[in-house]
Amino acid sequence: MVLNLGNSTIAEWRGYKGKPFLISGPCSAESEEQMMETALQIASIGQVSVFRAGIWKPRTRPNSFEGVGSEGLKWLRRVKQETGMLVGTEVANEKHVYEALKYGIDLLWIGARTSVNPFTVQEISDALNGVDVMVLIKNPINPDIDLWTGAIERVAKAGITRIGAIHRGFSSYEKTLYRNQPNWQLPIELRRRFHDLPLICDPSHIAGSRKYLHEISQKAMDLNFDGLMIESHINPAQALSDSAQQLTPNDLRELLSRLIYRSPGTSDPKLLDVLGELRQQIDIYDDHLLDILEQRMKIAETIGKYKKENNITILQSARWDEIINKVVVRGSDKGLSPELIDVIFKAIHQESINHQMKVMNNGLQDKDNKSLSEK
Ligand code: PEP
Ligand code: MN
């Protein structure tokens, strides 16, 4: 789907040319004092376009702090009046949309626990029909690119043109370094699908901890994201939600000062020449890779025929173990990470199995249409 983004690229949303579109503020609005103190200090950094605060908080377990509700919208309105920053909050149903619009909220985002549900996203989109407000759609908690795409399409169909996506990572069963897995390939694929859609990274919910915020923010900048949403709180230790990942306004200032912004392209003819040549080499190697995969699958199909003739199972666990162990060691000798080898070889193995399945179950025979034992 081609999104109707009107004339409003992110460059026009942000007041600070050449820098990322920055959104910051507490995970949750807790009190008027906490909001005003945080907002005044965030505004004094001079780079933050939108002050954020959650008013209605979707919490994993009941009895956690679930937000102050509409009362907090008054505080957001006061932040806007007194600091000049735009203000934003999360909406999770149509009532939230109506309430937020009533208080002049400039930016609404759909959270990760909401973008998983097409009924709710549709309900929110219907409430947004004909309204001129910025809307950002967080990725769903599970790594499903089509679900994310679908949520964006629903909001776009409601006529919202100042629309963007927020990458906040994906939950996983295993305990990992970060609270949510970044799976960078998903936002990269989203960018391929919607070239001009502003893409904002939320390092706070990816990291789950202050200490990883800088590295994730820098990575987002290196991947040409358009902006960052970073949680900040006047006193993170006392925060009623997401305490471990929030930054004081001063720490946010310091983080921003350490970020390196790279240019998304170059017009230097010499550099373009060099890059062009190197990219040609990459294309040649990609072609090699495809040829090799084609050859490998042909051999897998032949093996499939033998397995069929001899009535043995496709999966031979011992052989697969032997392959994966061997390639991880060889890969590391070549400077390739075990994660890469694992992903690639699992995918290749799965594709081999699929080819062999076809041979087994469709009675696929080789070209001269003879089974192997007849040869
Ligand atoms: C939030 O931004 O505070 C929030 C609840 O985020 P997410 O939907 O990404 O969990
Ligand atoms: Mn939060």
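Conventions adopted
- Along each chain, residues carry numbers from 1 onward, in the same order as the chain's sequence is written.
- Ligands are numbered from 1 and chains lettered from A, in the order in which they are written.
- Per-residue local features of the predicted model are confined to residues with pLDDT of at least 70, and side-chain atom pairs are confined, for both listing and counting, to 80 or more; whole-chain, interface and lining totals are unaffected and use all residues.
- The side-chain values count all of the structure's non-hydrogen atoms but skip hydrogen atoms and water molecules.
- Working definition: with a 1.4 Å probe on protein chains only, accessible area under 20% of the residue-type maximum means buried, over 50% means exposed, and in between means partly exposed.
- Segments assigned H or I by DSSP are reported as helices when at least four residues long, segments assigned E as strands when at least two residues long, and all are numbered from the N terminus.
- The contact criterion used throughout is that any non-hydrogen atoms of two residues lie within 4.5 Å.
- We call two N or O atoms a polar contact when they sit within 3.5 Å, provided that within protein one can donate a hydrogen and the other can accept it, with sequence-adjacent residues counted only if both atoms are side-chain atoms.
- It suffices for a single heavy atom of a residue to lie within 4 Å of a molecule or strand for the residue to be listed as near it.
- Per-residue and other accessible areas follow the Shrake-Rupley method at a 1.4 Å probe size, with only the shown protein chains counted as cover for residues.
- Put simply, Ala, Val, Leu, Ile, Met, Phe, Trp, Tyr, Cys and Pro go in the nonpolar bin, Asp, Glu, Lys and Arg in the charged bin, and everything else, Gly too, in the polar bin.
- Listed donors are limited to N, O and S atoms within 2.8 Å of the metal, widened to 3.2 Å for Na, K and Ca; water is not among them, so incomplete-looking sites are possible.
- Paired strands, in this sense, are two strands between which DSSP finds at least two bridges.
- Structural elements are reduced to axes, namely lines fitted to C-alpha atoms, with helices fitted over the stretch in contact, and the angle between N-to-C directions of any two is expressed from 0 to 180 degrees.
- What marks off one domain from the next here is an automatic or database domain assignment.
- Here, nonpolar core refers to any group of buried Ala, Val, Leu, Ile, Met, Phe, Trp, Tyr and Cys residues whose side-chain atoms link them within 4.5 Å.
- Only residues whose relative accessible area exceeds 30% and that form no salt bridge enter a patch; like-charged residues are grouped when within 9 Å of one another, and nonpolar side chains (Val, Leu, Ile, Met, Phe, Trp, Tyr) when within 5 Å.
- Any carboxyl oxygen of Asp or Glu that lies within 4 Å of a side-chain nitrogen of Lys or Arg is treated as forming a salt bridge with it.
- Only four residue types enter the charge count, namely Lys and Arg as positive and Asp and Glu as negative; His and the chain termini do not.
- Taken as the charge centre is NZ of Lys, CZ of Arg, CG of Asp or CD of Glu, depending on the residue.
- With its strands directed away from the observer, a crossover is right-handed exactly when the path from the first strand over the helix to the second travels clockwise.

A short note on helix α9 (residues 213-222)
Since the α-helix packs 3.6 residues into each turn, any two residues three or four apart lie on the same face.
Point 1. Among all positions of α9, only L213, I216, S217, Q218, A220 and M221 are buried.
Point 2. Its buried side turned inward, α9 meets β7 (199-201), α8 (203-207), β8 (227-231) and α10 (249-258).
Point 3. The positive-phi residue at the C-terminal boundary of α9 is N224, with phi of around 65 degrees.

With respect to the side chain of S24
Point 1. Take S24: it is sitting in strand β1 (residues 21-25).
Point 2. On the accessibility criterion, S24 (1% relative accessible area) is buried.
Point 3. A distance of 2.8 Å separates a polar atom in the side chain of S24 from a polar atom in the side chain of S232.

As for the site of ligand 1
Point 1. Taken together, C27, R52, K57, E90, W109, G111, A112, R113, K138, R168, H205 and E231 are the residues near ligand 1.
Point 2. Contacts to ligand 1 include R52, whose side-chain N or O atom sits 2.8 Å from an oxygen atom.
Point 3. The contact in question runs from an oxygen atom of ligand 1 to an N or O atom on the backbone of A112, over 2.9 Å.
Point 4. Computed on the free molecule, ligand 1 has an accessible area of 290 Å², of which 97% lies beneath the protein chains in the complex.
Point 5. Here the shell around ligand 1 is built from residues that sort into three nonpolar, two polar and seven charged.

Some remarks on the coordination of the manganese ion (ligand 2)
Point 1. With distances of 2.1 to 2.4 Å, the protein atoms coordinating the manganese ion (ligand 2) are C27 (SG), H205 (NE2), E231 (OE) and D242 (OD).
Point 2. Look at where the donors of the manganese ion (ligand 2) fall in the sequence and you get C-x177-H-x25-E-x10-D. Here the residue H205 occupies a position in helix α8, and D242 occupies one in the loop between β8 and α10, the gap between them amounting to 37 residues.
Point 3. Exposure remark for D242: the relative accessible area of 18% places this residue in the buried category.

Some words on the sheet that holds strand β3 (residues 86-91)
Point 1. The eight strands lie next to each other as β1-β2-β3-β4-β5-β6-β7-β8, forming a closed barrel whose pairing is parallel. On average, each strand axis in the sheet is tilted by 30 degrees relative to the strand beside it, whichever way the strands run.
Point 2. Here strand β6 (residues 163-167) pairs with β7 via three bridges, running parallel. When the sheet's bridge partners are listed, I166 is paired in β7 with I200.

With respect to the domain arrangement of the chain
Put simply, an interface is often sized by how much accessible area is lost when its parts join up.
Point 1. The domain architecture assigned to the chain consists of domain 1 (10-258) and domain 2 (269-367).
Point 2. Distance from the C-alpha centre of domain 1 to the C-alpha centre of domain 2: 40 Å.

Side note on the nonpolar core
Point 1. Counting 66 residues, the largest nonpolar core has F51, L76, L128, I137, I152, V155 and L190 as its most contacted members.
Point 2. At six residues, the largest contribution of residues to this core is made by helix α6 (residues 145-157).
Point 3. For L190, the residues in contact, after removing those within four places along its chain, are I145, W148, T149, I152, A165, L197 and L199.
Point 4. L107, M134, I200 and M229 belong to the second-largest nonpolar core, a separate cluster that totals 10 residues.

Quick look at a negative patch on the surface
Point 1. A surface patch of like charges, here negative, comprises D283, D286, D287 and D291.
Point 2. Tracing the sequence through the fold places D286 in helix α11 (residues 269-310).

Considering the pairing of β6
Point 1. In terms of residue burial, β6 counts as a mostly covered element, since five of its five residues are buried.
Point 2. A two-sided burial pattern is seen for β6, the buried positions comprising I163, A165 and H167 on one face and G164 and I166 on the other.
Point 3. Relative to β6, strand β5 (residues 134-138) runs parallel, the two being bridged by four bridges. In the sheet register, L136 faces β6, and the bridge partner there is G164.
Point 4. As a crossover connection, the stretch from β5 through α6 into β6 is right-handed.
Point 5. Read from β6 through helix α7 (residues 185-193) to β7, the crossover connection turns out right-handed.

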